[in-house]
Amino acid sequence: MPEPHNLSDLPPRLLIAVGGNAIHPEGIKGTSEEQMTVAAEAAQTLLPILELERELVVTHGNGPGVGKTILRQVLARHRVAPMSLDICVANTQGVTAYLLMQAFENALRKTGNPRHAIGLVTQVEVDPSDPAFAQPTKPIGYFFTEEEAKSLEAEFGWTMVEDAGRGWRQVVPSPEPRHICDISLVDALASRGTIVIAGGGGGIPVVRDAAGIRRGIEAVIDKDLTSQHMANLLGLEHMWSLSSVSPVA
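Every value quoted in this text rests on a predicted model; they were computed, and no experiment measured them. Residue numbers run consecutively from 1 along every chain, following the written order of its sequence. Totals for whole chains, interfaces and linings use all residues, but because this is a predicted model, local features are given only for residues with pLDDT of at least 70 and pairs of side-chain atoms are given and counted only at 80 or more. Side-chain numbers come from the whole structure's heavy atoms, not from hydrogens or water.

## Some details on the overall build of the chain
Counting its regular elements, the chain contains seven helices and twelve strands. Relative to the globule expectation of 18 Å for 249 residues, the C-alpha radius of gyration of the chain, 19 Å, shows essentially globular dimensions. Expressed along its principal axes, the backbone C-alpha trace of the chain runs to roughly 55 × 45 × 35 Å. Going through the 249 residues of the chain one by one, you find that 46% of them count as buried. Charge-centre separation for the chain: the mean point of 20 positive side chains lies 4 Å from the mean point of 29 negative side chains. Runs of H or I in DSSP of at least four residues are treated as helices and runs of E of at least two as strands, each being numbered from the N terminus. The globule rule used for comparison is 2.2 Å times the number of residues to the exponent 0.38, while the radius of gyration itself is calculated over C-alpha atoms. Three exposure classes are used, based on accessible area relative to the maximum for each residue type with a 1.4 Å probe and protein chains only: buried under 20%, partly exposed in between, and exposed over 50%. In this count, Lys and Arg are taken as positive residues and Asp and Glu as negative ones, while His and the chain termini are left out. Taken as the charge location is NZ of Lys, CZ of Arg, CG of Asp or CD of Glu.

## As for the pattern of salt bridges
When charged atoms on two side chains of opposite charge get close, those side chains can pair. We define a salt bridge as a contact between a side-chain nitrogen of Lys or Arg and a carboxyl oxygen of Asp or Glu at a distance within 4 Å. Scanning the model with the defined rule gives ten salt bridges in all. Here Glu125 ties to Arg214 by a salt bridge, and the two come within 2.9 Å at their closest N and O atoms. Placement of the pair is Glu125 in strand S4 (residues 123-125) and Arg214 in strand S11 (residues 214-216), with a sequence separation of 89 residues. Assessed through its relative accessible area of 33%, Arg214 is described here as partly exposed. For Asp163, the salt bridge goes to Arg169, with nearest N and O atoms at 3.7 Å. Each member of the pair, Asp163 as well as Arg169, is classed as buried. In the salt-bridge network here, residues are joined through shared partners; they are Arg13, Glu55 and Asp187.

## Side note on the sheet that holds strand S8 (residues 179-180)
On the basis of which strands lie adjacent, the open sheet formed by four strands has the order S8-S4-S10-S11 and mixed pairing. In this open sheet, the two edge strands, each paired with only one partner strand, are S8 and S11. At least two bridges found by DSSP between two strands is the condition for calling them paired. Two elements, S4 and S8, share two bridges in a ladder whose sense is antiparallel. Within the sheet, the bridge partner assigned to Glu125 lies in S8 and is His179. We call two residues contacting when some pair of their heavy atoms lies within 4.5 Å. Between the N-to-C directions of two axes lies an angle of 0 to 180 degrees, each axis being a line fitted to C-alpha atoms and, for a helix, fitted only over the stretch in contact. Packing against the sheet, helix H4 (residues 85-110) makes contact with strand S10 (204-208) and S11, and its axis sits at approximately 135° to S10.

## Overview of the environment of Thr37
Structurally, the position occupied by Thr37 is in helix H2 (residues 32-50). Taking the C-alpha atoms as reference points, Thr37 and Ala103, separated by 66 residues in sequence, lie 8.8 Å from one another.

Written out as structure tokens, the structure reads:
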């Protein structure tokens, strides 16, 4: 993440998008201890910004996390009823927000800063007629053999595709975000100085009927599109990205 010459030149309100691989990088097993360590490292990197008197919103990815959640379901499917994909996203959203929230506050307390962070379970509305639902293209989860893939297709109704000779993966719809539910809460909390962690994993995908009733839907929303949409709704002109990809790390 490029750093300005003077952090005091940062705008009064800022959104930082933390990539899923920045929380769960390659090369770790994903134990609780490892994830806490990585979150603490991210907090330490961001500490100079966390300490500033700036309104701050943080979004994050959940790619590795949701893949592990789905694999656990596959392995335990004969003992435990599987969760729908929207609930899998909610699951990983809550876990990652908890890790970041705790890491941010711990880093701040070490410097004597009393600032608080909060994680919001964030629903994001999508259009049920989005073309993505007719043609799932977003790969998630682990690689399987062709035999395993056909078994999972038959058992779960998944769409499985061969991925560059590396094996078979599940692909799911990735519709565009249309509305971030409770964006007013994100705005209000950020305005009072709370570090707001929201929109994790692109948000929990939901659709709403004419009566205003929401329900979850099987999809994964692109985290960067949700982050951009949130920034636009909050009137932000600056969005930073923290990633494991070295040119933009």
